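Summary of the model geometry
Residue-level listing of the chains:
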Amino acid sequence: MLQMTLSAPKTITRGEVPEPRAASGQVVIKVVRSGICGSDIHAYYDKHPFISLPIVTGHEFSGTIAEIGEGVSGFTAGNRVTVMPQVFCGECLNCRKGRYNICSTLKVIGCQTPGASQEMLAADAKLVLLLPDGMGFDEGAMLEPVAVGIHACRRAGCVENKKVAVLGAGTIGNLAAQAAKALGAESVMITDISGPRLELAKKCGIEHTVNISERDLAAEIKNLWGGDGADLIIECVGLQSAIDQAINIGRKGSDIVVAGVFGEYASVNMGLVQDKELNLIGTLMYTKEDWLDAMRLADGKRIVLEPLMSARFPLSALGEAFTYIENNKDTALKVLIES
């Protein structure tokens, strides 16, 4: 079968490898659709702090069941599915607490183990979820970033009736903002320096957009929400300037959730964190609860995905897909790969 490997920075290598077989407890999935994520782009430049090259990328994907291993129930050949790409031990302290997204030995399909940039993939059946009947493979491949956005919102507790500011209008920022609305936030603002990304956010139902290259964010927050400001800030950029801005605009006692992937070391003004009694909270991936809510909200069109789909490329043209993203940074939100 065809397998595409990110073998070195900005280098995609085509290869032919044997088709996988389903071991006990596994299913083999014929990959139909996969998505290129911000983490994949960091890896493409060899800038991801936790991905080493070479790697077969692809942790957002959907497909059909091709083979079922011994001991697996609940699936039949041809089932339309998606996969939660976390390989966890189930035994460490965090796994025992249900926080397997931060398992002490966590590996992620497509990041530390071979991913969906190949025609078929074997996965543990416990990670596989059936797609809703009316959901297409495109949407199925995008449930992963939706779950990321939902988990980010929940890291600061319930977002219901809160005023939420999302920094960064890329895919994760857009979906975190949509998730906040769908989960009951009172009001949601999203920021960026890209006009096209902010216009896309409006198409997805985010009413309050701020181009921070043109307007002062602190003033815009005060105009919209008064002196109380934002209850929750979700940082989805992964740059020093964004974490600085989050800490500077955060009101005393507010929550800042860090969802952006930082490819380089960032310093933090701990004086302001201490003096404002800010809650600086990390977020990593999701749990099954977040995935099930992602399915429910996307299937019910309370989170809309189609406007984020920027382009499609065949698996054999994976390198061209990365080049397209590199050349269209403002408008390339979710590029999908067709297997």
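Coordinates for the structure precede this section.
Below: a short report on this structure.

Conventions adopted
Residues numbered from 1 in each chain as written. Predicted model: local features only at pLDDT ≥ 70, side-chain atom pairs only at ≥ 80, totals over all residues. Heavy atoms only, no water. Helix = DSSP H or I, 4+ residues; strand = E, 2+ residues; numbered from the N terminus. Rg over C-alpha atoms; globule rule 2.2 N^0.38 Å. Buried < 20%, exposed > 50% of the residue type's maximum accessible area, 1.4 Å probe, protein only. Contact = heavy atoms within 4.5 Å. Areas by Shrake-Rupley, 256 points an atom, 1.4 Å probe, with all protein chains shown as cover. Lys, Arg positive; Asp, Glu negative; His and termini not counted. Charge placed at Lys NZ, Arg CZ, Asp CG, Glu CD. Patch = residues over 30% accessible without salt bridge, like charges linked within 9 Å, V, L, I, M, F, W, Y side chains within 5 Å. Salt bridge = Lys/Arg side-chain N within 4 Å of Asp/Glu carboxyl O. Axes fitted to C-alpha atoms, helices over the stretch in contact; angles between N-to-C directions. Parallel < 35°, antiparallel > 145°, perpendicular 65-115°, else oblique. Left-handed = near helix turned anticlockwise from the far one by under 90°. Nonpolar A, V, L, I, M, F, W, Y, C, P; charged D, E, K, R; others polar. Disulfide = S-S within 2.5 Å. Core = buried A, V, L, I, M, F, W, Y, C linked by side-chain atoms within 4.5 Å.

**Focus on the overall build of the protein chain**
A count of helical and extended segments in the protein chain gives 10 helices and 17 strands. The C-alpha atoms of the protein chain give 20 Å as radius of gyration, which agrees with the globular expectation for 339 residues (20 Å, within 12%). Structurally, the protein chain occupies a C-alpha span of about 60 × 45 × 35 Å along its principal axes. A burial count over the protein chain gives 54% of its 339 residues as buried. Considering only residue pairs separated by 6 or more positions, the protein chain has 71% of its internal contacts joining residues 24 or more positions apart. For the protein chain, the computed accessible surface area is about 14400 Å², with 49% contributed by carbon and sulfur atoms. Placing the 32 positive and 39 negative side-chain charges of the protein chain at their respective mean positions leaves the two points 2 Å apart.

**Structural notes on a nonpolar patch on the surface**
Taken together, the side chains of Val268, Met270 and Leu280 define a hydrophobic patch exposed on the protein surface, amounting to about 240 Å² of accessible area. Locating Val268 in the fold gives a position in the loop between β14 (255-258) and α8 (270-275).

**Thoughts on unusual backbone geometry**
For the bond running from Leu53 to Pro54, omega is 5°, close enough to zero to count as cis. Here Pro54 is to be found in the loop between α1 (38-44) and β4 (60-68). Here Asp46, not a glycine, exhibits a phi torsion of approximately 60°, which is positive. Residue placement: Asp46 occurs in the loop between α1 and β4.

**Some points on the pattern of salt bridges**
Inspection of every chain in the model, using the stated rule, returns 15 salt bridges. Where Asp138 meets Arg33, a salt bridge forms, and the shortest distance between an N and an O atom there is 2.4 Å. On the criterion of sequence distance, the pair formed by Asp138 in helix α3 (residues 137-154) and Arg33 in strand β3 (residues 26-35) is long-range, its members being 105 residues apart. The exposure class assigned to Asp138 is buried, which follows from its relative accessible area of 12%. Lys202 is the salt-bridge partner of Glu199, the closest N and O atoms lying 3.5 Å from each other.

**Looking at the packing of α3 against helix α9 (residues 288-299)**
Relative to each other, α3 and α9 sit at 115°, their axes nearing to 8 Å. Put simply, α3 runs roughly perpendicular to α9. Helix-helix and strand crossings are classified by hand; for α3 and α9 the assignment is right-handed. Packed against α3, whose contacting residues are Leu143, Glu144, Val146, Ala147, Ile150, His151 and Arg154, the element α9 presents Glu289, Asp290, Trp291, Asp293, Ala294, Met295, Leu297 and Ala298 at the interface. Partitioned by chemical class, the residues of the contact of α3 with α9 number 9 nonpolar, 1 polar and 5 charged.

**With respect to the state of the cysteines**
Summed over the entire model, instances satisfying the criterion amount to 0 disulfides. Here Cys89 stays unpaired: no disulfide links it, and the sulfur of Cys103, its closest cysteine neighbor, is 3.6 Å away. Cys89 sits in the partly exposed class, given a relative accessible area of 32%.

**Here's the deal with the nonpolar core**
Ile36, Leu143, Val164, Ile190, Ile234, Ile303 and Leu305 are the most contacted members of the largest nonpolar core, which totals 76 residues. Ranked by residues supplied to this core, first place goes to α3 with 9 residues. Setting aside anything within four residues of it in sequence, one finds Ile234 in contact with Ala152, Cys153, Val164, Ala165, Val166, Leu167, Val257 and Ala259. Counting 17 residues, the second largest nonpolar core, distinct from the first, contains Ala165, Ala230, Ile247 and Leu278.

Bear in mind that shape data such as this cannot, by itself, settle questions of function.
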